[in-house]
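# Descriptive analysis of the structure
Each chain is listed here by its residues.
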Amino acid sequence: MAWQVDFTSEAFFRDPAAGIASLRASGPVVATRFPIIGKVWVTTTYETTARVLKDSTIFTLRRDGALAGLRWWMPKFVATFANNMLTMDEPDHTRLRAIVDEAFRRRAVLDMEPRVRAIADALAGALFLDGSPADLVERYARMLPLSVICELLGLPPEDRPKFIAWANTMAHLTNAFGFLRMIRGLMRMRRYLEERLRLARLHGGEGLIAELVRVEQEGGRISASEMVSMVFLLLGAGTETTTHLISGSVYELLKNPARRDWLAADWSRAGLAIEEFLRFVSPVQFSKPRFVRRDVELGGVRLRQGDRIMAMIAAANLDPGAHERATELDLSRRPNRHISFGTGVHFCLGHQLARIEAVCALQALFTRWPGLRLAVEPGQVRWRRRPGLRAIERLPVSAGA
């Protein structure tokens, strides 16, 4: 019997540990219904989650070319965006990842830290230009990764307002109707990306789009539609998840000023703190759906060939069998075995950049505004009804003393 849980409810996002514990009590793998996806198994422990992510021979993203996460009612052009390395099995995943890996090596992400810090400082300084309180999500947490990824890709600054609008459209995806509302923005984005790639082929340029084109022209095996979906993936994955890592981290620090003071007393602790925020906040809560390729037993549960399954990353991160005091936020936690960037062949390509952005974001914000505080009670903060992504809707803050 399918376990009924609302993965988009305020109660679930406010206290994921409680909802996950109730699921875990029913077993390490539970049958449920997930918004848009439909009937699917979900993992509830670290062990079963890691196995699904690592075992790409049994748990595959595609079956006979069909993607597990696509539904019959979705427009065909959506497949253009879905055909990226995040939704590919081998050998296509390795082929596409090698191309973007090469582009990343040519422009080392670690070398971007001074620029990321400068962007964060500027955004922190401008946080209250339109008055106080200010929404930290829209004015800071979203703008930092968006600005960084636009620079990384080589997109012109004047185009960034377009991406803010598109990102906001995608952020409100909660169900099938929300998906249909998002289609217009996706079509505009596709046309824009196709034009940027065309210009890069003609004139070259700087940034990852130009680097990808150079790799393509040097013999890299990648189709035109794969180029569009690759850029779309880098743009989307490089903004939305980091936005909610930053805003979720700030929320936790402002709820407990002692944690903020501990961190501000020694910013060399920031890297350690970010690893714990990655585990505890878990912005990405689920993997993409996978097909079960053959009958298999997972955590003592019998899965059948053709079933669909999602690895619940948040459940792995909050599993008391894998982490001491799993439901407590401990900024000095060592070791920290979170899998917020996944594991296996699909381990997140942008993990270094996300960590750098989060560290710079917190340091710039609390250095500029040491008295920063919530402008509402913690219980008044609300989450987006976005399945699979733990995303604060708005985070009103004031400068304080």
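Check the entry above for the structure.
Notes on the structure in this doc start here.

Conventions adopted
- Residues numbered from 1 in each chain as written.
- Predicted model: local features only at pLDDT ≥ 70, side-chain atom pairs only at ≥ 80, totals over all residues.
- Heavy atoms only, no water.
- Helix = DSSP H or I, 4+ residues; strand = E, 2+ residues; numbered from the N terminus.
- Contact = heavy atoms within 4.5 Å.
- Areas by Shrake-Rupley, 256 points an atom, 1.4 Å probe, with all protein chains shown as cover.
- Axes fitted to C-alpha atoms, helices over the stretch in contact; angles between N-to-C directions.
- Parallel < 35°, antiparallel > 145°, perpendicular 65-115°, else oblique.
- Left-handed = near helix turned anticlockwise from the far one by under 90°.
- Nonpolar A, V, L, I, M, F, W, Y, C, P; charged D, E, K, R; others polar.
- Core = buried A, V, L, I, M, F, W, Y, C linked by side-chain atoms within 4.5 Å.
- Buried < 20%, exposed > 50% of the residue type's maximum accessible area, 1.4 Å probe, protein only.
- Pairing = 2+ DSSP bridges.
- 1 Å grid on protein atoms, 1.4 Å probe; cavity = no way out; pocket = protein on both sides within 12 Å on 5 of 7 lines; lining within 4 Å.
- Points joined across faces, edges and corners; volume = space filled by probe spheres on them.
- Polar contact = N/O pair within 3.5 Å; in protein donor to acceptor, adjacent residues only side chain to side chain.

## Thoughts on the overall build of the protein chain
When you go through the protein chain residue by residue, the secondary structure sums to 17 helices and twelve strands. Taking as baseline every contact in the protein chain between residues at least 6 positions apart, the subset at least 24 positions apart corresponds to 74%. As displayed, the protein chain has an accessible area near 17000 Å², and 53% of this comes from carbon and sulfur atoms.

## Some details on the packing of helix α8 (residues 143-153) against helix α17 (residues 351-368)
Taken N-terminus to C-terminus, the directions of α8 and α17 make an angle of 135 degrees; their axes are 11 Å apart at the nearest point. Put simply, α8 runs oblique to α17. Once α8 is placed against α17, the crossing between them reads as right-handed. Touching Leu144, Pro145, Val148, Ile149 and Leu152 of α8 are Leu353, Glu357 and Ala361, all from α17. Taken together, the residues of the contact of α8 with α17 sort by class into seven nonpolar, no polar and one charged.

## What to know about the nonpolar core
Among the nonpolar cores identified, the biggest contains 97 residues, and Leu127, Leu136, Tyr140, Val250, Phe277, Leu372 and Leu395 are the most heavily contacted of them. If you tally residues by element for this core, the top one is α17, at eleven residues. In this structure Phe277 touches Leu245, Ser249, Glu252, Leu253, Ser282, Leu329, Leu331 and Leu362, once residues within four positions along its chain are discounted. In this structure, Ile58, Ile309, Ala311 and Ala322 belong to the second largest nonpolar core, which totals 19 residues.

## Observations regarding the sheet that holds strand β7 (residues 290-292)
Ordered by their spatial adjacency, five strands build an open sheet running β1-β2-β10-β7-β3, and the pairing between neighbours is mixed. Where the open sheet ends on each side, the last strands, each with one partner, are β1 (29-34) and β3 (59-60). Where strand β2 (residues 38-43) and strand β10 (residues 308-310) come together, two bridges link them in parallel fashion. Paired with Trp41 across the two strands is Ile309, which belongs to β10. The sheet contacts of helix α3 (residues 46-54) involve β1, β2, β3, β7 and β10, and relative to β2 the element is tilted by about 115 degrees.

## Quick look at the environment of Gly344
Here Gly344 lies in the loop between α16 (313-317) and α17. The partly exposed category is assigned to Gly344, whose relative accessible area is 37%. Apart from the residues lying within four places of it in its own chain, the contact partners of Gly344 are Leu53 and Lys54.

## Considering the layout of surface pockets
In this structure, the largest pocket encloses a volume near 180 Å³. Every residue lining the largest pocket is listed: Arg14, Asp15, Pro16, Ala17, Tyr251, Glu252, Lys255, Phe280, Leu318, Thr327, Trp383 and Arg390. Listing elements by their share of the lining of the largest pocket, those giving two or more residues are α2 (16-24) and α13 (240-255). Counting residues per element, the lining of the largest pocket draws most heavily on α13, which supplies three residues. Residue classes in the lining of the largest pocket are distributed as six nonpolar, one polar and five charged.

## Some thoughts on the side chain of Ser282
Along the chain, the position of Ser282 falls in the loop between α15 (270-281) and β7. Under the relative-accessibility criterion, Ser282 is labelled buried at 3%. In terms of polar contacts, Ser282 uses its side chain to reach the backbone carbonyl oxygen of Arg279, at 2.8 Å.

## Some points on the pairing of β2
The two faces of the sheet receive side chains in turn, since in a regular strand these alternate between them. Counting buried positions over the six residues of β2 gives five, a clear majority of the element. With six bridges joining them, β1 and β2 adopt antiparallel strand pairing. Residue pairing for β2: Arg33 is matched across the bridge by Lys39.

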